[in-house]
Amino acid sequence: MRVADWEELPSRRVATNGIELEVTEYGEGPAVVLCHGFPELAFSWRHQVVALAAAGYRVLAPDMRGYGGSSRPADPAAYDILTIAGDLTGLLDDIGEREAVFVGHDWGAAVAWQLALAHPGRVRAVAGLSVPIAPRPPVPPVLILRNRLGDDFYMVWFQEPGIADAVLNRDVRRTLLAGGLSASAWSEGSPSLRPFMTEEELTIFVRTFEQTGFTGGLNYYRNIDRNWALTEHLAGRTIDCPSLFLTGSDDPVARFMPADDLTAVLTDLREHIVLAGAGHWVQQERPEEVSEALIRFIRSALSGFSYGRRAHRPVSLRRRQDRGGIRH
């Protein structure tokens, strides 16, 4: 879709879990919540928002906590995965829905999986892109990553507050086009524009992250071990609602997070899709195929599900260009 069309979509601010989320909301029908990853925005779902709404769904795509127009708490401890899951259950409360289909990419996938484990009554179905679900590891994950991949591995490098932040903020455009798994891949070179993204689309990301910086997103990584400790009570649980995993054959995440144990957690895995030749930014690289897969999955998951309009308080939607400034 064109950037101008995205900017015409309605958005609003939702108070939830002690913060505010900037949410793009479009369409009518059963609720579908799209959760983006790092370093991204709700805009990363621009193609799917329109396609899913046209298919008969009420689509909500928030700038996740720490990003874009949403609140960005300063304390890294405000970004643990259970707190972020609470943002999303609060979003459902705001629209008067008990449950929704949740779709996440990258960190958004990790949040969606954990939401389904921690609050199964709020998740009608769940789809993860790029980042698979796996059984709980026996020791804190950062220790595993450091031992296997070294201190230069990007997730390990991201751990120390202020270090990666300064490097990534130095050249926002370069950061947003960076690839690779090492610290140097994020801090050196002059990467070219990705073939699936126009200069106008990249400008949306650059303009936003020049205002917000990357610290909010980096704080997700700084809670990896804390998330492991906080979710001990979920060890051994399974996700029993309909589920989908979709990735690209060239996604580098598979090198250190293989999708080998999906069915150990997902008891109703409808599809495991690998798009040949696709990389990490799969919903932007292959928008039609991803949208088609999601629509097929959601229709399957909601088959036989009686949807009725819930009574809820009216919401005030406005065009994106009318919204306020980016919040801290």
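So, a few notes on the structure that sits alongside this text. The model shown is predicted, which means the values in this text are computed figures rather than measured ones.

## A word on the overall build of the protein
Assigned secondary structure in the protein consists of 15 helices and nine strands. Taken over C-alpha atoms, the radius of gyration comes to 18 Å for the protein, in line with the 20 Å a tight globule of 328 residues would show. Within the protein, the proportion of its 328 residues that are buried is 56%. Restricting to contacts in the protein with at least 6 residues of sequence separation, those with at least 24 account for 77%. Summed over all atoms, the accessible surface of the protein reaches about 13,200 Å², with 50% contributed by carbon and sulfur. The average position of the 34 basic charges and that of the 41 acidic charges among the side chains of the protein differ by 4 Å.

## Thoughts on the pairing of strand β3 (residues 31-35)
Most of β3 sits inside the fold, with five of its five residues counted as buried. Along β3, one buried face is formed by Ala31, Val33 and Cys35 and the opposite face, lined by Val32 and Leu34, is buried too. Note on the crossover from β3 through helix α2 (residues 46-54) to strand β4 (residues 58-62): the handedness is right-handed. Where β3 and strand β5 (residues 100-105) come together, four bridges link them in parallel fashion. Looking at the pairing, Val32 lines up with Val101 of β5.

## Here's the deal with the nonpolar core
Grouped together as the largest cluster of nonpolar side chains are 108 residues, with contacts concentrated most on Phe38, Phe102 and Phe158. Sort the elements by how many residues they give to this core and helix α4 (residues 107-118) lands first, with ten residues. If sequence neighbours within four positions are ignored, Phe102 has contacts with Val33, Cys35, Leu88, Leu92, Ala112, Leu115, Arg122, Val123, Ala125, Val126 and Ala127.

## Let's talk about the side chain of Arg65
Among the structural elements, Arg65 can be located in the loop between β4 and α3 (81-95). Taking the relative accessible area as the measure of exposure, Arg65 reaches 3% and is therefore buried. Here the side chain of Arg65 touches Asp87 through a polar contact of 2.7 Å, side chain to side chain. For Arg65, the contacting residues outside a window of four places in its chain are Asn17, Ile19, Leu21, Ser71, Pro73, Ala78, Tyr79, Thr83, Ile84, Asp87 and Tyr220.

## Some details on the packing of α2 against helix α15 (residues 287-302)
Interaxial distance between α2 and α15 falls to 9 Å at its minimum, and their mutual angle equals 40 degrees. The angle between the axes of α2 and α15 places the two elements in the oblique class. At the point where α2 passes α15, the crossing takes the right-handed sense. Counting all contacts with α2, which are made through His47, Gln48, Ala51 and Leu52, the residues of α15 involved are Pro287, Val290, Ser291, Leu294, Ile295 and Ile298. Of the residues contributing to the contact of α2 with α15, the split by class is seven nonpolar, three polar and no charged.

## Here we look at unusual backbone geometry
Each neighbour pair has its own omega, and for Phe38 with Pro39 the value is -15 degrees, a cis peptide bond. The topology assignment puts Pro39 in the loop between β3 and α2. Positioned with a positive phi, Asn17 is a non-glycine residue whose angle comes to about 55 degrees. Mapped onto the secondary structure, Asn17 falls in the loop between β1 (10-16) and β2 (19-26). The exposure class of Asn17 is partly exposed, given its relative accessible area of 44%. Positive phi, close to 80 degrees, is recorded for Ser130, a residue that is not glycine.

Cut-offs and rules
Residues numbered from 1 in each chain as written. Predicted model: local features only at pLDDT ≥ 70, side-chain atom pairs only at ≥ 80, totals over all residues. Heavy atoms only, no water. Helix = DSSP H or I, 4+ residues; strand = E, 2+ residues; numbered from the N terminus. Rg over C-alpha atoms; globule rule 2.2 N^0.38 Å. Buried < 20%, exposed > 50% of the residue type's maximum accessible area, 1.4 Å probe, protein only. Contact = heavy atoms within 4.5 Å. Areas by Shrake-Rupley, 256 points an atom, 1.4 Å probe, with all protein chains shown as cover. Lys, Arg positive; Asp, Glu negative; His and termini not counted. Charge placed at Lys NZ, Arg CZ, Asp CG, Glu CD. Right-handed = clockwise from strand over helix to strand, strands pointing away. Pairing = 2+ DSSP bridges. Core = buried A, V, L, I, M, F, W, Y, C linked by side-chain atoms within 4.5 Å. Polar contact = N/O pair within 3.5 Å; in protein donor to acceptor, adjacent residues only side chain to side chain. Axes fitted to C-alpha atoms, helices over the stretch in contact; angles between N-to-C directions. Parallel < 35°, antiparallel > 145°, perpendicular 65-115°, else oblique. Left-handed = near helix turned anticlockwise from the far one by under 90°. Nonpolar A, V, L, I, M, F, W, Y, C, P; charged D, E, K, R; others polar.

These figures come from the coordinates and say nothing about function on their own.
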